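Summary of structural features
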Amino acid sequence: CAVSRNYALEASQKHSVLWGLPEVRGIENCMPESERLAVIDSAGEGAYEKSRAVAKKFVQEKFGLRQDPDARLFVFLGRWVKQKGVDYIADVTEWMLRTYKNAQLVMIGPVGDSYGSYARAKFDRLKRSGRFEGSLFVHADFLEVPRELKLACDFCLMPSRDEPFGYVDIEFAWFGAAIVGSLRGGLGKLPGFYFQILNADSSEHMQTALRKSISAAMKAKPETLAAMSASARASKFPVAGWQREVMDIYQLTMSKFFSQDSEVPEPRTPPAFLSALTQRGSQLSDDRHGCLPPGPEFLHQEPSEAEMQALVDAKLALRNPRCAADIIEQVEWERELSQEKGCLTRALGKMVLGAPILDWIICLCYISGPLVAALAFGHADLSDQLSTAVERPCAEAVALLAWTLAACSAPPNLLMTAALLARLLPLALPFIDAPTWVIALVLGVVGPSDYLFLYYSFMGSSVGDVSRLAIRTGFIIAVRKQWEPLLALLAQTPRIVEFSLDAHCAILLSILPAALMLQAPKIYRVFRVPGFSLSWMRKLRFLMLFAVATVLEAFAHTSHTAVLTLRQMQPFHLQWAQIYCLLLALAIAVPMILLGYMLRRFPSYAVVVVKAFACWTLPATLLQCWAQAEVDRAGYLVLELDALIFTSTVVGALGVYAAAVAVLATVGSRWRFVSYSCIVGILSHFARASSFMIARAVFGEDVLQGAASHSFAARFAWRLLLIAIPACGSALLFRLLAFLYFEQEASGMLNTQMNRDLVRLAGIGKPKAASAKAKAACADDNNNSSSREVSFKLERGASRFSDGAAESRVSPSISHSSSQPASPTAIEAKIVTWV
């Protein structure tokens with residue numbers, strides 16, 4: 001059980017350890033009525049407003065704030081830790097107090113981790129500046145606060161990254177304060193200004209969303225805040241209802257897992273998932289009583305919170321970072337490097353463009369993989385298409401599984417060293433004029449080792465930020481897959497130039513990086529892949545559907561590889577092939593760089609862009625084959641044909657980039673990504689081999705020979721189009737289905753059904769339909785005294801809804817209470833404004 005229904009939905013999506021359970025149920029916590037401001041409420045609204053004015057004057061005097069009865073007071077009361085999002089408050093405080101002169105802020109609570117230390121340093125810097133005297137009070141420690149603080153507060157700040165239920169919002173709401181915070185976990189149960197988290201790993205997004213929530217709160221009319229205050233003070237969280245829910249869960253558990261035949265209940269045979277958990281628990285218990293496994297890594301002492309806070313404070317004394325995540329990541333990495341003894345090891349760990357140098361070397365090794373393969377083939381006889389199109393992908397499928405299993409047992413740096421040295425074998429083949437089938441077999445074994453560089457890329461710069469890892473890794477995947485135009489030029493180079501390239505690549509892309517891998521920092525020496533498992537994929541429908549789409553597209557691989565061949569056939573003879581390939585590569589690179597910049601610069605829009613390109617992009621192969629089939633004999637359409645080839649290639653490259661980002665953002669773990677990449681890669685390799693066999697059956701001859709035998713490109717293109725349509729069409733259908741689940745399963749969003757219904761109720765959807773859906777999602781049984789009543793009420797000057805990216809149109813407000821069923825009149829009087 002979880003302490004709130006929405007947190008139960010989030011936990012069941014986020015934590016794979018819970019996926020084996022049949023159900024994760026949420027029970028809304030209760031709140032004793034003794035905490036309520038009952039005396040003043042019973043005296044009437046006028047007495048409440050007078051008491052609030054007196055309380056605000058008292059608080060302003062006590063905490064040294066400017067005397068202003070019209071000031072709007074923001075309060076944060078609680079632990080200064082990462083979970084509570086206190087660093088986001090510190091980041092936006094200067095903007096808030098500079099933009100809104102009538103805003104005042106009170107920050108009280110003990111520092112609990114390095115994020116709290118970051119916030120304390122930021123607030124100390126603001127206090128020393130003297131610019132916000134009378135508008136800011138900060139006490140970074142325990143403090144017994146007067147009861148008047150809750151009564152004087154206008155807005156309670158709760159921008160939590162994660163909040164199971166939240167009691168502080170209830171405490172302040174029962175005194176009449178509105179909530180300003182995130183729509184996460186148990187938050188959102190009371191009137192307030194909330195923002196929907198679209199990218200939890202992005203500090204920029206969270207800061208932008210919090211600013212918009214604060215702006216909406218400051219711009220709200222007094223009558224709107226008065227109605228919200230009345231609604232907040234009327235909300236209830238009865239103990240009796242919570243007790244009944246707990247008893248219902250207890251009785252359900254007894255009936256399912258215990259026999260009721262005897263007077264003393266006896267446990268039944270536990271289900272399979274309980275047996276597995278019990279066995280795992282016993283194994284962990286035995287491990288604690290035994291000896292630690294040998295090895296220096298088990299003697300490594302992790303930094304304590306006190307040590308981390310001291311390091312963060314020292315770093316903040318030298319610079320003013322834009323967010324806590326950047327400086328804490330830097331502190332953790334510098335501490336790791338300080339324990340390294342070798343000068344070369346510390347140099348490889350030096351940060352360049354936000355990542356260690358060794359990470360960029362690993363990326364270069366991954367990107368250069370196709371270049372090694374192209375040099376291995378060089379001027380080899382490609383007429384043996386059975387070896388290149390069938391033997392090689394089949395060998396790659398088997399080798400990929402072997403390399404991935406090796407990653408589960410071998411140290412990363414040693415395994416990558418072996419993969420780099422293995423490249424010397426294919427690079428040596430052109431010097432001995434090896435037959436085509438030997439080259440294909442060698443590349444089939446060595447080529448899949450490139451996956452290791454993808455598995456271990458950016459290990460030193462992805463602490464807690466899957467979004468950043470997804471963008472970086474997605475970019476290198478997209479760059480690697482767009483090498484084809486440039487590699488096509490190698491077939492036209494003189495043999496002496498080819499030998500020179502082989503020698504230089506052997507040094508720069510094999511021997512030199514292999515030597516550097518042996519001096520890698522510790523993180524690259526000890527973090528093996530924990531295991532190969534696909535059981536978690538059953539809960540992630542987006543990944544399952546996307547995997548099927550990726551494999552289906554691989555069946556059109558033969559049509560894709562024939563695009564440049566088609567462009568050079570009659571009547572469209574390509575005279576400047578080298579310039580053409582260079583321009584095509586440039587046209588691919590520039591949009592990908594711009595997309596990567598946009599995803600980093602505007603993280604709030606990243607989700608929309610990634611969904612659009614990953615799920616709605618038409619396959620480039622389909623467009624190109626169709627265009628060349630339509631041209632037929634019309635030679636004057638060359639310009640239009642090239643425009644479509646360039647456009648579709650760019651769109652296809654952006655689709656590959658967005659697809660990689662979408663997968664990494666959904667999988668939520670580097671090690672799950674390893675399992676996903678392995679199984680999808682194996683199936684895709686077999687699909688590529690099948691693609692050639694299908695094409696051969698359609699043409700009745702080898703594909704290249706078929707291209708040469710046809711007098712016009714259109715005849716060849718029509719056959720390739722017939723091969724591509726079923727594969728690409730089916731893949732597009734599965735991507736469209738995957739689109740429906742992306743927001744629900746992306747780890748940075750955790751957009752539950754309850755959140756979506758409340759967002760629709762705030763004005764995104766139709767009032768009646770949204771109200772009905774929200775009632776279905778939020779309301780309990782009629783017998784449950786803690787049920788939620790939700791209804792609709794239009795309001796003049798209604799608020800805005802913000803997703804952290806932009807404000808939407810004018811929207812209606814929501815009335816919402818968490819209490820026993822009330823009369824329609826009482827429900828309509830309770831207004832919640834959603835931001």
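Anything mentioned here points back to the structure above.
Residues numbered from 1 in each chain as written. Predicted model: local features only at pLDDT ≥ 70, side-chain atom pairs only at ≥ 80, totals over all residues. Heavy atoms only, no water.

We now examine the packing of helix H5 (residues 114–129) against helix H13 (residues 324–338). Running from N to C, H5 and H13 point in directions that differ by 120 degrees, and their axes come no closer than 10 Å. In terms of axis orientation, H5 runs oblique to H13. Pair H5 / H13 crosses with right-handed handedness. Contact with H5, carried on its side by Ser114, Tyr115 and Tyr118, involves Ala324, Ala325, Ile327 and Ile328 of H13 and no other residues of that element. (Axes fitted to C-alpha atoms, helices over the stretch in contact; angles between N-to-C directions. Helix = DSSP H or I, 4+ residues; strand = E, 2+ residues; numbered from the N terminus. Parallel < 35°, antiparallel > 145°, perpendicular 65-115°, else oblique. Left-handed = near helix turned anticlockwise from the far one by under 90°. Contact = heavy atoms within 4.5 Å.)

For arginine 36, the position within the fold is in the loop between helix H1 (5–14) and helix H2 (38–42). A polar side-chain atom of arginine 36 sits 2.7 Å from a polar atom in the side chain of glutamate 33. In this structure the side chain of arginine 36 is engaged in a polar contact, spanning 2.3 Å, whose partner is the backbone oxygen of arginine 233. Non-local contacts of arginine 36, meaning those with residues more than four positions away in its chain, are made with Arg147, Trp174, Arg233, Ala234, Ser235 and Lys236. (Polar contact = N/O pair within 3.5 Å; in protein donor to acceptor, adjacent residues only side chain to side chain.)

Glancing now at the pairing of strand S2 (residues 103–108). When you tally the buried positions in S2, you get six out of six residues, the bulk of the element. Of the two faces of S2, both are covered, the one formed by Ala103, Leu105 and Met107 as well as the one formed by Gln104, Val106 and Ile108. Crossover strand S1 (residues 72–77) to S2 through helix H4 (residues 86–99) is right-handed. Of the pairings in the sheet, the one linking S2 to strand S3 (residues 136–139) comprises four bridges and is parallel in character. Looking across to S3, one finds that isoleucine 108 is bridged to histidine 139. For the segment spanning S2, H5 and S3, crossover handedness is right-handed. (Buried < 20%, exposed > 50% of the residue type's maximum accessible area, 1.4 Å probe, protein only. Right-handed = clockwise from strand over helix to strand, strands pointing away. Pairing = 2+ DSSP bridges.)

Time to look at the sheet that holds S2. Sheets are built from strands paired through backbone hydrogen bonds, the pairs being either parallel or antiparallel. Strand order in the open sheet made by the six strands is S3-S2-S1-S4-S5-S6, with parallel pairing throughout. Of all strands in the sheet, those with a lone pairing partner are S3 and strand S6 (192–195), marking the two edges. Across the sheet, the mean angle separating the axes of adjacent strands is 15 degrees when strand polarity is ignored. Where strand S5 (residues 178–182) meets S6, four bridges bridge the pair, whose relative direction is parallel. What sits directly across from glycine 181, in S6, is tyrosine 194. The strands that H4 touches are S1, S2, S3 and strand S4 (155–158); relative to S2, the one it contacts most, it runs at about 155 degrees. Contacts between H5 and the sheet are confined to S2 and S3, with S3 contributing the most and set at about 135 degrees to the helix.

This part covers the state of the cysteines. On inspection of all chains with the given rule, the structure shows zero disulfides. The thiol sulfur of cysteine 153 is not disulfide-bonded, and the nearest other cysteine sulfur, from cysteine 156, lies at 5.8 Å. Judged by its relative accessible area of 0%, cysteine 153 falls in the buried class. Relative accessible area serves as the criterion here: at 1%, cysteine 156 is assigned to the buried category. (Disulfide = S-S within 2.5 Å.)

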